[in-house]
Amino acid sequence: MSTTSVKEFGKAWWAEVYNRIIGAVVFLDDYSAECLHWDGGLFNLLTGGAVAVKSLSPFEYCKKDQRKAVFITQTTRTQLRTISEIIHNSDLTHCILVSCASLDVVYLELNDGVSNASDVTTAGKAGTEAAKRLERMLLEWINKKQSVVEVVYIPIFTIAPTNVVFLTPPYQKVYPKFDKKLTTDAPTLDLYTLSSEERSCIRRLASGLNSMLDSMNLKEDIYYMGAFSSLIAGVLENSPICVSRRKSCSNPVSLIIVDRTLDLCGVTSHSMESVLDKAMAVLPRFPGHCTDVAVDMSPLCEANIITHPEDLQLSPGCLFHAEDESCVQTYDHMINKSQKEVMFDLYNKLSKIDVQKSPGPKTLLKVTPQSVEKIISASKGNYDIIGKHLGVLQQALGVVHTLKSPKRAQLELLMSLEKQVLQNLAASRDSTSVLHQLGHIIKTRKERNLPLENLLALLIHVYSLTGTEVVFTKQHEDNLQQALSVAIFEDHKTLLSESGHMATPEECEQISKNIMGRLKEVSQIRKILQKYNSVLKPCETGTGHEYRGVLQQLVDDLVNTDRPDLTDLRHRNEGIKELLRTGLNILTSKKKASKHPLDNPTVILFVVGGITAEECKQLHRSVITSGVDNVVLIGSTKFVTPVEAMRDVLNL
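The structure presented is a predicted model; accordingly, all values stated were derived computationally and were not measured.

With that settled, consider the overall build of the protein. When helices and strands are tallied, the protein shows 27 helices and 13 strands. A compact globule built from 652 residues should have a C-alpha radius of gyration of about 26 Å, and the protein, at 26 Å, falls within 12% of that. Counting only C-alpha atoms, the protein reaches 80 × 80 × 55 Å along its principal axes. Among the 652 residues that make up the protein, the fraction classed as buried is 56%. Put simply, 76% of the contacts in the protein that link residues at least 6 apart link residues at least 24 apart. In the form shown here, the protein has an accessible surface area of approximately 29600 Å², with 52% of it arising from carbon and sulfur atoms. Charge-centre separation for the protein: the mean point of 72 positive side chains lies 2 Å from the mean point of 75 negative side chains.

For the coordinates displayed, the defined rule picks out 28 salt bridges. Among the salt bridges present, the one from R204 reaches E109, with a minimum N-O distance of 2.9 Å. Of this pair, R204 sits in helix α8 (residues 196–215) while E109 sits in helix α5 (residues 103–110); the two residues are 95 residues apart in sequence, bridging distant segments of the chain. Residue E109 is classed as buried on the basis of its relative accessible area, which comes to 17%. One salt bridge connects D648 with K638, and the closest N-O pair in it is separated by 2.8 Å. Remark: K638 occurs in the loop between β13 (631–636) and α27 (642–650) and D648 occurs in helix α27; sequence separation between them is ten residues. Pair check on accessibility: D648 and K638 agree, each one buried.

Let us now look at the packing of helix α21 (residues 452–466) against helix α23 (residues 505–524). Axis separation between α21 and α23 bottoms out at 8 Å; the angle between their running directions is 35°. For α21 against α23, the interelement crossing comes out right-handed. Of the residues in α23, those touching α21 at L456, L459, I460, Y463 and S464 are I515, M516, L519, K520, V522 and S523. Residue composition of the contact of α21 with α23, grouped by class: eight nonpolar, two polar and one charged.

So, about the sheet that holds strand β7 (residues 218–225). Read across the sheet, six strands follow the order β6-β13-β12-β8-β7-β11 without closing on themselves; strand pairing throughout is mixed. Strands with a single pairing partner mark the edges of an open sheet, and in this sheet they are β6 (165–167) and β11 (570–571).

Read across the open sheet, the five strands follow the order β2-β1-β3-β4-β5; overall the sheet is parallel. A single partner strand is all that each edge strand has here, and the edge strands are β2 (52–55) and β5 (148–153). On average, adjacent strands in this sheet sit at an angle of 15° to one another, irrespective of strand direction. Here strand β1 (residues 25–28) pairs with strand β3 (residues 68–73) via four bridges, running parallel. Its bridge partner being in β3, F27 is matched across the sheet by F71.

It is worth spelling out a nonpolar patch on the surface at this point. Together, L42, F43 and L46 give the surface a local cluster of nonpolar side chains, amounting to about 290 Å² of exposed area. Position of L46 among the secondary structure elements: in helix α3 (residues 42–47).

Given 3.6 residues per turn, any residue in an α-helix points the same way as the ones three and four places further on. Taking 1.5 Å per residue as the helical rise, helix α17 (residues 390–404) with its 15 residues ought to reach 21 Å, and the 21 Å between its terminal C-alpha atoms agrees with that figure. α17 sits mainly inside the fold: 13 of its 15 residues count as buried.

Scanning all chains against the criterion turns up ten aromatic pairs. Ring centres of W14 and Y18 lie 5.8 Å apart, and the angle between their planes is 20°; this geometry places the pair in the stacked category. In this pair, W14 and Y18 are both assigned in helix α1 (residues 6–18), four residues apart and thus about one turn of the helix distant. Residues W14 and Y18 agree in their burial class; the two are buried.

We now examine unusual backbone geometry. The backbone of N217 shows a phi angle near 55°, a positive value even though the residue is not glycine. Locating N217 in the fold gives a position in the loop between α8 and β7. Given the relative accessible area of 22%, N217 is considered partly exposed. The phi dihedral of N651 falls on the positive side, at around 55°, and the residue is not glycine. Looking at the secondary structure, you find N651 in the segment after α27. When its relative accessible area of 33% is taken as the criterion, N651 is described as partly exposed.

By the secondary structure assignment, A457 is in helix α21. Residues A457 and S196 lie 261 residues apart in sequence; the distance between their C-alpha atoms is 29 Å. Residues contacting A457, with those up to four places away along its chain left out, are T268, H270, P642 and M646.

Rules and cut-offs
Residue positions within a chain follow its written sequence, with the count starting from 1. Given that this is a predicted model, residues contribute local features only at a pLDDT of at least 70 and side-chain atom pairs are listed and counted only at 80 or more, while totals for whole chains, interfaces and linings are drawn from all residues. In computing side-chain properties, one takes all heavy atoms of the structure into account and sets aside hydrogens as well as water. Helical segments are the DSSP runs of H or I of at least four residues, strand segments are the runs of E of at least two, and each set is numbered from the N terminus. Just to be clear, the radius of gyration here is over C-alpha atoms, and the globule rule we use is 2.2 Å times residues to the power 0.38. The cut-offs for exposure are 20% and 50% of the maximum accessible area for each residue type, with area from a 1.4 Å probe on protein chains only; residues under the lower value are buried, those over the upper are exposed, and the others partly exposed. The contact definition used throughout considers only heavy atoms, calling two residues in contact when any of these lie within 4.5 Å. A 1.4 Å probe and the Shrake-Rupley method give the accessible areas. Residues count as covered only by the protein chains that appear here. Counted charges follow a simple rule, with Lys and Arg positive, Asp and Glu negative, and His plus the chain ends left uncounted. Charged side chains are reduced to one point each, which is NZ for Lys, CZ for Arg, CG for Asp and CD for Glu. By convention in these notes, a salt bridge is any Lys or Arg side-chain nitrogen within 4 Å of a carboxyl oxygen on Asp or Glu. Lines fitted to C-alpha atoms define the axes here, with helix axes fitted over just the stretch in contact, and angles between the N-to-C directions of these axes take values from 0 to 180 degrees. Handedness of a crossing follows from how the near helix is turned relative to the far one, being left-handed for an anticlockwise turn of less than a right angle and right-handed for a clockwise one. Residue polarity follows a fixed list, in which Ala, Val, Leu, Ile, Met, Phe, Trp, Tyr, Cys and Pro are nonpolar, Asp, Glu, Lys and Arg are charged, and the others, Gly among them, are polar. For two strands to be treated as a pair, DSSP must find at least two bridges joining them. Patch building starts from residues that exceed 30% relative accessible area and form no salt bridge, then joins like charges within 9 Å and nonpolar side chains (Val, Leu, Ile, Met, Phe, Trp, Tyr) within 5 Å. To estimate how far a helix should extend, the number of its residues minus one is multiplied by 1.5 Å. Side-chain rings of Phe, Tyr and Trp (the six-membered ring for Trp) are treated as a pair once their centres are within 6.5 Å; stacked means planes under 30 degrees apart, edge-to-face means over 60, and tilted covers the remaining angles.

Written out as C-alpha cells, the structure reads:
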C-alpha cells in the first residue's frame with residue numbers, strides 16, 4: 001500500500017478496517033477510538049456496516065443474535081484477557097482481531113523471557129508465529145467447531161491535525177525516562193538496560209514508524225539527539241523487519257528523532273500564542289482522548305443543565321470535525337494563525353448562519369468573545385440550524401469558553417512571572433533573587449489564585465532555561481524545598497489525586513526532595529550537547545534576552561543555506577564507520593563531506609515526549625520562510641500542556 005502523506009496513511013489503513021466490519025459488533029480501545037475520531041468518527045463504522053460499536057471492556061458483550069465481532073486493539077496482555085471475557089459472555093462464530101501494534105512486537109511480548117524468541121524474530125517469522133498463536137487463542141475462547149477467526153495487523157496509530165503535523169495517541173505515554181529517571185547511569189545503553197515495559201514502548205513506537213515509512217515507500221537515514229532517541233533509532237536501524245523494508249522502499253527520507261527532555265522550556269511555558277494551546281490548557285479533555293477537548297454545549301440547548309466538570313449531564317462537543325472541510329481549516333488556524341485571525345474566521349463563518357443578522361465581519365474592527373457568543377446564542381434551541389452547522393458552533397463555543405475562562409487570568413499572571421524570571425536571569429546570570437522569588441510565590445499562591453501544579457511547571461521551566469549556566473545556592477534550594485513540602489501537604493488532594501490516600505507531612509517532605517532531585521536532573525540534561533546547550537539567547541534587537549528552544553535552533557540550522565555543522569545531531573548509519581576511522585587514525589587530506597538531512601527531499605522531525613501547537617507553528621514557519629524545497633513533517637507522541645509536561649517529568 002503506497003500513500004503520500006501521513007493523513008492518507010491513516011485513511012488508507014482505516015479503509016482496511018471498514019472492509020472487515022460488515023455485520024459485526026465492533027469493540028475499540030480508547031486509543032483506537034481516538035484515532036477513529038480524527039478519521040471521521042463513529043458514523044464511519046455505522047455507515048460502513050457495523051451493527052453496534054462498543055468500548056473494549058470486560059463488562060461488554062454481544063447479544064444472542066450477534067455472531068460476528070471485530071476487536072480493534074493494541075493487543076496487550078490485559079486487552080487479550082478482556083477479549084477472552086467478551087467472547088465467553090457472547091455467542092460468536094466469527095472473530096476478527098485487528099492488532100494496531102506490529103505482530104512482531106506482540107510475539108516478543110507474548111514470549112518475554114523465552115530463550116529462542118529473538119531467533120524467531122531474526123529469521124523474520126515472528127509476525128506469522130504471533131498470528132497463529134492469537135488465532136489459536138481465539139478458537140479456544142469461542143470453543144465451537146464451526147467458527148472463523150482472523151488476526152491482522154493494521155497500523156492505526158497516527159492522527160494528522162494539519163498537513164505537516166502528526167501525533168501518535170497510542171504512544172502518548174512514551175517518554176524519555178529510564179526507570180522513572182530522566183538520565184541513566186548505565187555505562188552502556190541498550191534496550192536491555194530498560195524495564196520490559198519501557199522496552200515494549202520503544203519497540204511498539206519504532207514498529208509503528210516503520211509501518212508508516214513502509215506505506216509511504218520511504219527509505220530513511222536516521223538521525224537522533226538524546227539517549228532515549230538513540231534506542232528508538234537503534235531498533236529502526238537493526239530490527240529485521242526494518243532492514244527488509246529498506247531493501248524494498250525507494251524514496252529517501254531523513255528521520256530525526258529528538259528527546260523532549262533536552263528542552264522542557266517550550267512545553268512548560270505559559271506564554272501561549274496558539275489558540276489551540278490556550279484551549280488545551282483551559283478546557284477538560286474529551287473523554288478518553290489526549291488531544292481533543294470537551295466543549296460544554298449547554299448554551300445551545302433548551303434543557304436546564306447544571307454544569308460540573310466531573311458530572312457530564314450533556315454530551316460534550318469538540319474542536320476537530322474530520323468530515324467538515326471548513327472545520328478542518330479552522331482547526332489549522334487554531335494552530336497556525338493568531339487569536340485575532342481565528343476570531344475573525346469564526347465570526348465570518350457564523351455570520352452566514354446568523355438569524356439575528358449581526359454586523360458583517362468587514363464592519364467590525366475587533367471580534368470579541370461576546371460578539372461571537374451573541375451569534376451562538378441566537379441559534380439556541382433552533383435544532384435545524386444547529387444540526388446543519390454543528391461543527392463550527394462547537395468550535396466557536398470552545399474558543400469562547402477558552403477566552404472567557406477564569407483560568408485565563410491565572411495563565412496571564414504565570415506568563416508575566418515567566419518573563420520576569422527570564423529577564424532577571426539574563427540580566428545578571430545570577431540566581432540570588434529567582435529561587436527566593438519563586439519560594440515566596442509558592443507560599444502566597446492562594447492569595448494570587450495560582451494552582452501549585454502550574455507553579456511546579458514554572459519551576460521546571462526555570463531549571464530547564466538556566467541549564468548549567470546558572471548554579472543555584474544550596475541555601476536557596478533548601479528554602480525552596482521547604483516551601484514545596486508545606487505546599488504539597490496543603491494541596492496534596494488535588495496534586496496527588498491519582499494516589500487517592502491522605503499524604504503525611506513526612507511523605508510530602510520526601511516528594512519535595514524527589515522534585516528537587518528531578519529539577520537538578522533537568523538543569524544538567526543538556527550537558528551532552530555542544531552547540532545547543534544554551535536556550536537563553538540575546539534578542540536580535542540587541543536589548544534583553546529571549547528563549548530560543550533546542551528544536552528551534554536545530555531547525556534554523558537545518559534549513560540554513562550555509563549548512564552549518566549539526567554537531568549535536570548523531571547520524572545512526574555513520575556511527576561505526578566514524579569509530580573505525582578514529583580508531584585506525586586514518587589521516588587523509590580530503591575529508592569526506594558528512595551527510596546532511598536536507599540531502600533527502602523529505603525530512604521527518606519526531607519529538608519523543610510531546611510538543612506544543614505553538615512550537616509546531618514556529619518550526620513550520622522557519623521552514624517556509626527559509627525557502628528550502630524539502631518537505632518537513634513534524635511528528636510527536638502528543639500535544640502537551642504545561643501541567644501535563646510537569647506530571648511527565650515529576651512522575652506525579
